[in-house]
Amino acid sequence: MEMTEQLELNADMQKQNMLNLFGESLRFDSPLAEYSSFKTGGRAAYFLITNSTEETVKAVSTAYNNKIPFLIIGGGSNLLISDSGYDGLIIKINILGLKLTDETKIECGAGEDLMSLVNFAAENSLQGIEFAAGIWGSVGGAVYGNAGAYGGEIKDIIETVLLLDKTGQVKEVTPDYCKFKYRDSYLKISKEIVLSLKLRLQQGNKEKLVAQIDETLAIRASKHPVKQFCAGSFFKNIPDPKEKFGKLPAGRLLEQVGAKELSIGGAKVFEKHANIIINDGTATSKDIRELADILKQRVFDKFGITLEDEVISIGNFS
Ligand SMILES: Cc1cc2nc3c(=O)[nH]c(=O)nc-3n(C[C@H](O)[C@H](O)[C@H](O)COP(=O)(O)OP(=O)(O)OC[C@H]3O[C@@H](n4cnc5c(N)ncnc54)[C@H](O)[C@@H]3O)c2cc1C
């Protein structure tokens, strides 16, 4: 048998094996750009959407037991996926469900949009999560990175989190376990997967909450990209107790190094916010990564401060 024929045969066997393991919902050589708010990135060798805890447990334990590398995504609003894609299984969590379990408690699937949770809380006159109005992505992604804005963070309203570890074990934990920090959690180390959450909120006034959410959305619309492809702030702010909310905005430093005049290929710095990189529709992930690295270097050269990525890069950029 010719070498190429043998390779094709091996690839077919591997494909069949994956189908046997994961079933017909498995996609092959699947484009990832549509699942990233940057709208860039290559393809995943395998791609699966899970709609329930059971499906997610099955997918993760099958991948683990068969030594198949896998990666979880939610809304894709904090990801930079390399142009060469991901040579493994991408599992997109789509576990839905929003339920009032008590006068002040909500249970929520990890695949729900964070904004749906914000609206659901307001409709039920519950306050505590209005700060998150306008933050993109899923509830699971928000827990993973402890999403926050305007002094609020998701950690402050979590009662428990239902987690799945990479071996397929499910456990319910309290926020202590997750060791939440600014845009950070222990889940980034443990690689555990958020399946659902229980949140504890406070009773509030529905009209006031709706007005507050609208106001936050209007403020965001005036400063943040609405239609452009981006992933929000590219870099984390810098801890500084003297600053509002205890953080020196990375955008302020980036302004001073001329960020807003910079672009690489189709990647540009957003004209209203120096810490946001946008794709004008023609950018590659490499363009975005290169621009981010130049910005980082300029800030280091001028201020001696090393900016840390908030956006999570996936795959190979070298
Ligand atoms: C216009 C814009 C504005 C933004 N503003 C803010 C802001 O104000 N504050 C803020 O904090 N963020 C902001 N972001 C960034 C982003 O919305 C958040 O980081 C969001 O929480 C990411 O969620 P996601 O579901 O999109 O995660 P993804 O981008 O899909 O994934 C990000 C990381 O989370 C992990 N992950 C996703 N789902 C799960 C899960 N169920 N279990 C375990 N790990 C998981 C992934 O593996 C990945 O490592 C903004 C983004 C945009 C585009």
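Residues numbered from 1 in each chain as written. Predicted model: local features only at pLDDT ≥ 70, side-chain atom pairs only at ≥ 80, totals over all residues.

J.: Please explain the overall build of the protein chain as it appears in this structure.
T.: If you tally the helices and strands in the protein chain, you get 9 helices and 21 strands. The C-alpha extent of the protein chain, read off along each of the three principal axes, is 70 × 50 × 30 Å. Considering only residue pairs separated by 6 or more positions, the protein chain has 65% of its internal contacts joining residues 24 or more positions apart. (Helix = DSSP H or I, 4+ residues; strand = E, 2+ residues; numbered from the N terminus. Contact = placed C-beta atoms within 7 Å.)

J.: Looking at this structure, how should I read the domain arrangement of the protein chain?
T.: One frequently used descriptor of interface size is the decrease in accessible area upon assembly of the parts. Each assigned domain of the protein chain is listed here: domain 1 (21-93), domain 2 (98-207) and domain 3 (225-314). The gap between the C-alpha centroids of domain 1 and domain 2 is 22 Å. Counting residues per element, the side of domain 1 that touches domain 2 draws most heavily on helix α2 (residues 53-65), which supplies 6 residues. (Domains from an automatic or database assignment.)

J.: When you look at the nonpolar core in this model, what are you seeing that I'm missing?
T.: As a rule of thumb, nonpolar side chains are buried together in soluble globular proteins. Grouped together as the largest cluster of nonpolar side chains are 87 residues, with contacts concentrated most on Ile91, Val118, Ala132 and Ile277. Excluding its chain neighbours within four sequence positions, the residues that come into contact with Val118 are Ile129, Glu130, Ala132, Ala133 and Ile213. (Core = buried A, V, L, I, M, F, W, Y, C linked by C-beta atoms within 7 Å. Buried ≥ 20, exposed ≤ 12 C-beta atoms within 10 Å, placed from the backbone.)

J.: When you look at the site of the ligand in this model, what are you seeing that I'm missing?
T.: Gly74, Gly137, Gly140, Gly141 and Gly232 are the nearest of the 32 residues found near the ligand. For the shell around the ligand, the secondary structure elements donating two or more residues are β3 (70-73), α4 (139-144), β9 (148-149), β13 (193-200) and β15 (229-233). In terms of residue count, α4 provides more of the shell around the ligand than any other element does, 4 residues in total. When its residues are assigned to classes, the shell around the ligand shows 18 nonpolar, 14 polar and no charged. (Near = placed C-beta within 6 Å. Nonpolar A, V, L, I, M, F, W, Y, C, P; charged D, E, K, R; others polar.)

J.: Any chance you could explain the sheet that holds strand β7 (residues 105-109) here in plain terms?
T.: Note on sheets: strands pair through backbone hydrogen bonds, and any given pair is parallel or antiparallel. Read across the sheet, 5 strands follow the order β6-β7-β13-β11-β12 without closing on themselves; strand pairing throughout is antiparallel. Looking at the sheet topology across the chains shown, the edges are occupied by β6 (98-100) and β12 (170-173). Direction aside, the axes of adjacent strands within the sheet are offset by 15 degrees on average. Here 5 bridges tie β7 to β13, and the two strands are oriented antiparallel to one another. Across the sheet, Lys105 pairs through a bridge with Arg200, a residue of β13. (Pairing = 2+ DSSP bridges. Axes fitted to C-alpha atoms, helices over the stretch in contact; angles between N-to-C directions.)

J.: Explain helix α3 (residues 114-123) to me, please; I cannot follow it from the model alone.
T.: Since one α-helical turn is 3.6 residues long, residues separated by three or four positions face the same way. Looking only at α3, the buried set comprises Leu114, Leu117, Val118, Ala121 and Ala122. All buried residues of α3 project into a common sector of 135 degrees when viewed along the axis, lining one side. Along its buried surface, α3 packs onto β6, β7, β8 (126-127), α4 and α7 (206-223). Ser125 lies just past α3 and shows a positive phi near 55 degrees. (Arc of directions from axis to C-beta.)

J.: Teacher, can you tell me more about the environment of Asp301 here?
T.: Mapped onto the fold, Asp301 is located in helix α9 (residues 285-303). The exposed category is assigned to Asp301, around which 9 C-beta atoms lie within 10 Å. A sequence separation of 138 residues divides Asp301 from Leu163, and the C-alpha atoms of the two residues are 41 Å apart.

J.: Whenever I open this one, α9 confuses me. Can you help?
T.: Counted at 1.5 Å a residue, the expected span for α9 with its 19 residues is 27 Å, and the 27 Å between its end C-alpha atoms agrees. The elements touched by buried residues of α9 are β4 (79-81), α8 (250-256), β18 (263-264), β19 (267-269), β20 (276-279) and β21 (312-314). Residue Gly304 follows α9 closely and has a positive phi angle near 70 degrees. (Expected span 1.5 Å × (residues − 1).)

J.: I'm lost on the pairing of β12 in this one. Help?
T.: The two faces of the sheet receive side chains in turn, since in a regular strand these alternate between them. The sheet contact formed by strand β11 (residues 158-164) and β12 spans 4 bridges and is antiparallel. Bridging across to β12, Leu163 finds its partner in Lys171. Here β11 folds back onto β12 in antiparallel fashion, the turn holding 5 residues, of which Gly168 has a positive phi close to 105 degrees.

J.: Honestly, the environment of Asn124 in this entry has me stumped. Any pointers?
T.: Examined against the element boundaries, Asn124 turns out to sit in the loop between α3 and β8. We classify Asn124 as partly exposed; it has 17 C-beta atoms within 10 Å. For the pair Asn124 and Leu79, spaced 45 residues apart in the sequence, the C-alpha separation amounts to 32 Å.

J.: Explanation requested: the sheet that holds β19 in the structure shown.
T.: With antiparallel pairing, the 4 strands of this open sheet are ordered in space as β15-β20-β19-β18. Either end of the sheet is taken by a strand with one partner, and the two such strands are β15 and β18. Pairing geometry for β15 and β20, over 3 bridges, is antiparallel. Looking at the pairing, Cys230 lines up with Ile278 of β20.

J.: It is not clear to me how the environment of Phe303 should be interpreted in this structure. Could you clarify?
T.: By the secondary structure assignment, Phe303 is in helix α9. Counting along the chain gives 234 residues from Phe303 to Pro69, while the straight-line C-alpha distance between them is 39 Å.

J.: So what exactly am I meant to see when it comes to unusual backbone geometry here?
T.: A negative phi angle is the norm for most residues apart from glycine, just as the trans form is the norm for most peptide bonds. Unlike most non-glycine residues, Lys179 shows phi in positive territory, near 45 degrees. With respect to the helices and strands, Lys179 occurs in the loop between α5 (175-178) and α6 (187-190). We note that Phe245 has phi near 60 degrees; this positive angle belongs to a residue other than glycine. Residue Phe245 is classed as partly exposed on the basis of its C-beta count, with 14 C-beta atoms lying within 10 Å.

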